[in-house]
Amino acid sequence: MAKLAAIGLFLALQLIARTAAAEPYVLQIIPLPATPDHVELSEGKFGLRGVRVHLTDDSWVKLADCGDGLCAEPLDRPPPAARLPKGALPGAMLAHAEGTLRQAWLAEPVDRLGLVAASEAGRLIVIDRISRRHELELAVDAALVGPHLQIADADGDGEDEIIVAIGRQGEGISLAVAQLRDGGIGIVAQTGEKDIPHRAVASGPVADLDGDGRAELAFVADGADGEGSLEIWRFRDGSLEQVGALPDFASRAKDGAAWAGVQIAADLTGDKQADLVVPTADRLTLRIVSIVDDELTESERIALPAEAVTEILMLRMQGRPRPALLVGLADGTLALAR
C-alpha cells in the first residue's frame, strides 16, 4: 500500500511539474543605465546573483534586489579579460571539454571571404586529452568563420569532434565537423554549401534534442533575403543529415557581426528533452523550438518590448520547474522571462 502511495505521489509531482512548465513565461523588465551589449554568468554561478551585464558605455553592472523588484548596481570590479592562447583570433571563443579533446580555438586571422563584421581564421588548433597539439591549416581560398566553435561527441561514439563554420571563396559558408584521424585533424563532413556567396552561419549548441541519447547540431543560416533559417542536423556514420528547418530567425547581431544565433539547449517544456531558444529575425520575439516525433516544432513565443541585442542567458531559479531566460534589449533594459 505504501509503495502504491509513493508511486502515486511521484506521478502527481511529475504532473505538477509538467503543468507548471507548460505555463507561459511572464516577462519582467529591468532598467539599466545604458544599452547592454553582453550578458554573462560569473564562473560557478547559476542564478540571478551571478548575472553580469556589460554596457555600451564600457561599464559593468550586476543585478540586485531593490525591495520592489530587481535593479542594476555597478559591479565592484570589472571581470578579468579572457586570456586567449598566443596567436588566437582576437575575440575568439576558447572551447573546453573533458573528453578525448580538451581545448580548441581559431588562430591566424585572415581576410579571404570578405565578410562584413565577421572573424576569419586560417588555422584550427586542438589540444587532446594527453596535451598533444594538433593543427589544421586551411587552403588559401578558404577560412574558418568565428568566433564560435564547439567540442562535443556529436555521434555518440565516445570520441569528441569539433564543430566549426567554414567557407570558401565564391561559395557559401557551411557547418563542418572535424575529427582527429591518424594523428592529424581534418574536416570529415560539411552541411551543403548554398548558392548564396558568403552566407553567414550562427552556430548553436550540440545537444540531444530528440531523446535518442545522441546529439544533434543546431545553427542559424543567413538566407539571401537576410532572414535566418534554423537548421537541425545529425552527424551519423561520418556524414551529416538534416533533421529539419524553420524560417524567421536572427542569424547575426544587430551590427551585422557573427553571433551565436541559438544559445540555449535545455528542457523548457517539461518533456525531459532539450529545447532551443532563438530570437526571431526582427529580434522582437524569443521562440522556443523542440523536436517532437522527429518534427521541428515551435512550442512557445515570448514577445519582447524592444529588440534583443545580447546573448540569452538561462538561469536556474529556486522553486521553479523550468529555467528563467534573460536577454538584453536595445532600449536599455533587460527582459527576464520566468
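About the criteria used
- Residues numbered from 1 in each chain as written.
- Predicted model: local features only at pLDDT ≥ 70, side-chain atom pairs only at ≥ 80, totals over all residues.
- Heavy atoms only, no water.
- Helix = DSSP H or I, 4+ residues; strand = E, 2+ residues; numbered from the N terminus.
- Buried < 20%, exposed > 50% of the residue type's maximum accessible area, 1.4 Å probe, protein only.
- Contact = heavy atoms within 4.5 Å.
- Areas by Shrake-Rupley, 256 points an atom, 1.4 Å probe, with all protein chains shown as cover.
- Pairing = 2+ DSSP bridges.
- Axes fitted to C-alpha atoms, helices over the stretch in contact; angles between N-to-C directions.
- Disulfide = S-S within 2.5 Å.
- Core = buried A, V, L, I, M, F, W, Y, C linked by side-chain atoms within 4.5 Å.
- Phe/Tyr/Trp six-rings, centres within 6.5 Å; stacked < 30°, edge-to-face > 60°.
- Lys NZ or Arg CZ within 6 Å of the ring centre and 35° of its normal.

How should the overall build of the protein be read in this particular structure?
In terms of regular secondary structure, the protein is built from one helix and 24 strands. Residues counted as buried form 49% of the 338 residues belonging to the protein. Counting only contacts in the protein whose residues sit at least 6 apart along the sequence, the fraction spanning at least 24 positions is 47%. Here the protein displays about 16,100 Å² of accessible surface, and carbon together with sulfur accounts for 51% of that area.

Before we go on, may I ask you to explain the sheet that holds strand β2 (residues 36-41) in this structure?
Sheet strands associate in pairs through backbone hydrogen bonding, adopting either a parallel or an antiparallel arrangement. Read from one edge of the open sheet, four strands run β2-β3-β4-β5, paired in antiparallel fashion. With one partner strand each, in any of the chains shown, β2 and β5 (70-74) form the two edges of the open sheet. Along the sheet, successive strands turn relative to each other by an average axial angle of 35 degrees, direction set aside.

Help me understand the state of the cysteines, please; the structure alone is not making it clear to me.
Each disulfide is one covalent bond, formed between the sulfur atoms of two cysteines. Going through the model one piece at a time under the given rule, you end up with one disulfide. Here C66 connects covalently by a disulfide to C71, the sulfurs 1.5 Å from one another. Of the residues examined, C71 reaches a relative accessible area of 17% and is grouped as buried.

Explain the nonpolar core here, please?
Within soluble globular proteins, side chains that are nonpolar tend to cluster in buried spots. Among the nonpolar cores identified, the biggest contains 22 residues, and L124, L144, L149 and I162 are the most heavily contacted of them. Elements represented by at least two residues in this core include exactly β7 (101-109), β8 (119-128), β10 (142-152), β11 (161-168) and β12 (173-181). Among the elements that line this core, the one with the most residues is β10, at four residues. Within the second largest apolar cluster, 18 residues are counted, among which are L32, L55, L326 and L334.

What should I look at first to understand the sheet that holds strand β20 (residues 285-292) in this one?
A sheet is described by the order of its strands in space; here four strands give the open sequence β18-β19-β20-β21, paired in antiparallel fashion. The outermost strands of the open sheet, each flanked by one partner alone, are β18 (264-266) and β21 (295-303). Across the sheet, the mean angle separating the axes of adjacent strands is 25 degrees when strand polarity is ignored.

It is not clear to me how the environment of A330 should be interpreted in this structure. Could you clarify?
Secondary-structure assignment places A330 in the loop between β23 (324-329) and β24 (333-337). Judged by relative accessible area, A330 falls into the partly exposed class, the value being 27%. Taking C-alpha positions, A330 is 5.9 Å from A306, a pair spaced 24 residues apart along the chain.

Even after reading the chapter, I still don't get the pairing of β12, so can you show me in this structure?
Each regular strand shows side chains that alternate between the opposite faces of the sheet. In terms of residue burial, β12 counts as a mostly covered element, since seven of its nine residues are buried. Note: β11 against β12, six bridges, orientation antiparallel. When the bridges of β12 are listed, A165 appears paired with L175. Joining the antiparallel neighbours β11 and β12 is a turn of four residues, in which G170 adopts a positive phi near 80 degrees. Between the antiparallel neighbours β12 and strand β13 (residues 184-190) lie two residues, among them D182 with a positive phi of about 55 degrees.

What should I look at first to understand the packing of aromatic side chains in this one?
The relation between two aromatic rings is expressed through the spacing of the ring centres and the mutual angle of the planes. Considering all chains together, one arrives at zero aromatic pairs under this definition. One Lys or Arg, R322, reaches over the ring of Y25 and ends 3.6 Å from the middle of that ring.

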